Amino acid sequence: MTTNETIEPWLREILRCPRCKGVLADATGPTGPELQCGSCHLGYPIEDGVPVLLVDLARPTSD
Ligand SMILES: [Zn+2]
């Protein structure tokens, strides 16, 4: 088995951005894997394989 820090596909399918309910996509941020919202451009960290879908902890991904 290889180390996979991304979340399960079935779980990702049902996850939505808590701010705008947009679709989240796997991405890699400056601190590791994260889920990025394509609508409001927030990146949510994934800690130990668990996505932290809190707007307060998200970072803006747009420049
Ligand atoms: Zn969003």
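Just above sits the structure.
Report on the accompanying structure.

### Details of the overall build of the protein
Consideration 1: In terms of regular secondary structure, the protein is built from one helix and five strands.
Consideration 2: Starting at the N terminus and walking to the C terminus, you meet the elements of the protein as α-β-β-β-β-β.
Consideration 3: Computed over its C-alpha atoms, the radius of gyration of the protein comes to 11 Å, within 12% of the 11 Å expected for a compact globule of 63 residues.
Consideration 4: Residues classed as buried in the protein amount to 32% of the 63 residues present.

### Describing the pairing of strand β1 (residues 24–29)
Consideration 1: As paired elements, β1 and strand β2 (residues 32–37) share six bridges and run antiparallel to each other. Directly across from A27, in β2, lies its bridge partner E34.

### Comments concerning the coordination of the zinc ion
Six octahedral donors around a metal ideally make angles of 90 or 180 degrees; four tetrahedral donors ideally make 109.5 degrees.
Consideration 1: Summarising the metal site, the zinc ion is bound by the protein donors C17 (SG), C20 (SG), C37 (SG) and C40 (SG), whose distances to it range over 2.2 to 2.3 Å.
Consideration 2: For the zinc ion, the four donor atoms are set out with angles of 99 to 118 degrees between them, so the coordination reads as tetrahedral.
Consideration 3: Read N to C, the donor residues that coordinate the zinc ion are spaced as C-x2-C-x16-C-x2-C. With a gap of 20 residues between them, C17 in the loop between α1 (9–14) and β1 and C37 in strand β2 connect regions that are remote in the sequence. Like C17, the residue C37 is buried in the burial classification.

Definitions and cut-offs
- Residues numbered from 1 in each chain as written.
- Predicted model: local features only at pLDDT ≥ 70, side-chain atom pairs only at ≥ 80, totals over all residues.
- Heavy atoms only, no water.
- Helix = DSSP H or I, 4+ residues; strand = E, 2+ residues; numbered from the N terminus.
- Rg over C-alpha atoms; globule rule 2.2 N^0.38 Å.
- Buried < 20%, exposed > 50% of the residue type's maximum accessible area, 1.4 Å probe, protein only.
- Pairing = 2+ DSSP bridges.
- Donors = N, O, S within 2.8 Å, 3.2 Å for Na, K, Ca; no water.
- Tetrahedral: all angles 85-135°; square planar, octahedral: opposite > 155°, others 65-115°.

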